[in-house]
Amino acid sequence: EILKEIAINSEKSDIRLDIINKVDDDELLNYIALNDSDSVVRSEAVKKITDDETLLKVIENDKDPFVRQIAVKNLNNTQELIKIALNDDDQYVRAHAISNPAITDEADFTYVAINSTYEDVAAEAMEHITDEKNFIEILKNAKLENIRKSTLDNITDLETLIRIVLANEDEE
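Residues numbered from 1 in each chain as written. Predicted model: local features only at pLDDT ≥ 70, side-chain atom pairs only at ≥ 80, totals over all residues. Heavy atoms only, no water.

Peer 1: Explanation requested: the overall build of the protein in the structure shown.
Peer 2: When you go through the protein residue by residue, the secondary structure sums to 13 helices and zero strands. Each helix (α) and strand (β) of the protein, taken in turn from the N terminus, gives the series α-α-α-α-α-α-α-α-α-α-α-α-α. Against the 2.2 N^0.38 benchmark of 16 Å for 172 residues, the protein shows a C-alpha radius of gyration of 21 Å, more extended than a compact globule. Dimensions of the protein along its principal axes, counting C-alpha atoms only, are 70 × 25 × 20 Å. Taken over 172 residues, the protein has a buried fraction of 41%. Partitioning the intrachain contacts of the protein with sequence separation of at least 6 by distance along the chain shows that 44% fall at a separation of at least 24. As presented, the protein carries roughly 10,000 Å² of accessible surface, and 46% of it is formed by carbon and sulfur atoms. Charge centroids of the protein, computed over 19 positive and 40 negative side chains, lie 4 Å from each other. (Helix = DSSP H or I, 4+ residues; strand = E, 2+ residues; numbered from the N terminus. Rg over C-alpha atoms; globule rule 2.2 N^0.38 Å. Buried < 20%, exposed > 50% of the residue type's maximum accessible area, 1.4 Å probe, protein only. Contact = heavy atoms within 4.5 Å. Areas by Shrake-Rupley, 256 points an atom, 1.4 Å probe, with all protein chains shown as cover. Lys, Arg positive; Asp, Glu negative; His and termini not counted. Charge placed at Lys NZ, Arg CZ, Asp CG, Glu CD.)

Next up, the structure:
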């Protein structure tokens, strides 16, 4: 209880850090992750947090991209990770989201490759795709031209390729 008081009220960040490393009190760690004035202290607290709800609050509200990156690494909610990969302002936060091991379904990676407006995120998603049908969907629908072009090496069905090329010529 006294450690809690010190962790919350001490003006010395090194003391707060030391306490974080010694405690496993989820409530205290959550409070510090969301409220401490020092980003290093917040990041150390976030490293020990596994609660997705708290991690999402950190991702949504923390001004420091490094703290948000750590939160994204610990997040287990696939749908939230996809949203972050597609929408976060920070490229490193997006990169940690798309490379988080909680995303395992090739359909999710295909969705990101099609819908991302960030080439680095779409390219990373493509690294996790093996099914030719998914590459064809990306070729037809991806928002980014370079991502559409990068699918060509992975499509061996020439008939489908010709149909797609002809359909695109008809649209122009």
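The structure having been displayed, the exposition proceeds.
Peer 1: I would appreciate a short explanation of helix α5 (residues 52-61) in the present structure.
Peer 2: One full turn of an α-helix is made of 3.6 residues, so residues set three or four places apart face in the same direction. Considered for burial, the residues of α5 that qualify are Thr54, Leu55, Leu56, Val58 and Ile59. In this fold, the buried residues of α5 make contact with α3 (26-35), α4 (39-47), α6 (65-74) and α7 (78-87).

Peer 1: Just to check I follow, could you spell out the environment of Ile138 for this structure?
Peer 2: Relative to the elements of secondary structure, Ile138 occurs in helix α11 (residues 132-141). Counting along the chain gives 40 residues from Ile138 to Ile98, while the straight-line C-alpha distance between them is 17 Å. Excluding residues within four positions of it along the chain, Ile138 makes contact with Thr110, Ala113, Ile114, Met126, Ile129, Ile147, Arg148 and Thr151.

Peer 1: Which parts of the structure should I look at to understand the packing of helix α2 (residues 13-22) against α4?
Peer 2: Geometry of a packed helix pair, given as the angle between the helix axes and the separation of the axes. Taken N-terminus to C-terminus, the directions of α2 and α4 make an angle of 0 degrees; their axes are 10 Å apart at the nearest point. Relative to α4, the element α2 is oriented roughly parallel. The segment α2 lies against α4, with Ser13, Arg16, Leu17, Ile20 and Asn21 engaging Val40, Val41, Glu44 and Ala45. Residues that form the contact of α2 with α4 fall into these classes: five nonpolar, two polar and two charged. (Axes fitted to C-alpha atoms, helices over the stretch in contact; angles between N-to-C directions. Parallel < 35°, antiparallel > 145°, perpendicular 65-115°, else oblique. Nonpolar A, V, L, I, M, F, W, Y, C, P; charged D, E, K, R; others polar.)

Peer 1: How do you make sense of the environment of Asp90 when you look at a structure like this?
Peer 2: Within the secondary structure, Asp90 sits in the loop between α7 and α8 (91-98). In this structure Asp90 touches Pro65, Arg68 and Gln69, once residues within four positions along its chain are discounted. Of note is the side chain of Asp90, whose polar atom sits 3.0 Å from the backbone nitrogen of Tyr92. (Polar contact = N/O pair within 3.5 Å; in protein donor to acceptor, adjacent residues only side chain to side chain.)

Peer 1: In this structure, what is going on with the packing of α8 against helix α10 (residues 119-126)? I would like to understand it.
Peer 2: Close contact between α8 and α10 brings their axes to 10 Å; oriented N to C, the two are set at 15 degrees. Classified by the interaxial angle, the pair formed by α8 and α10 is roughly parallel. α8 and α10 meet at a crossing whose hand is right-handed. Contacts between α8 and α10 involve Gln91, Arg94 and Ile98 on the former and, on the latter, Asp120, Val121, Glu124 and Ala125. Considering only residue class, the contact of α8 with α10 consists of three nonpolar, one polar and three charged. (Left-handed = near helix turned anticlockwise from the far one by under 90°.)

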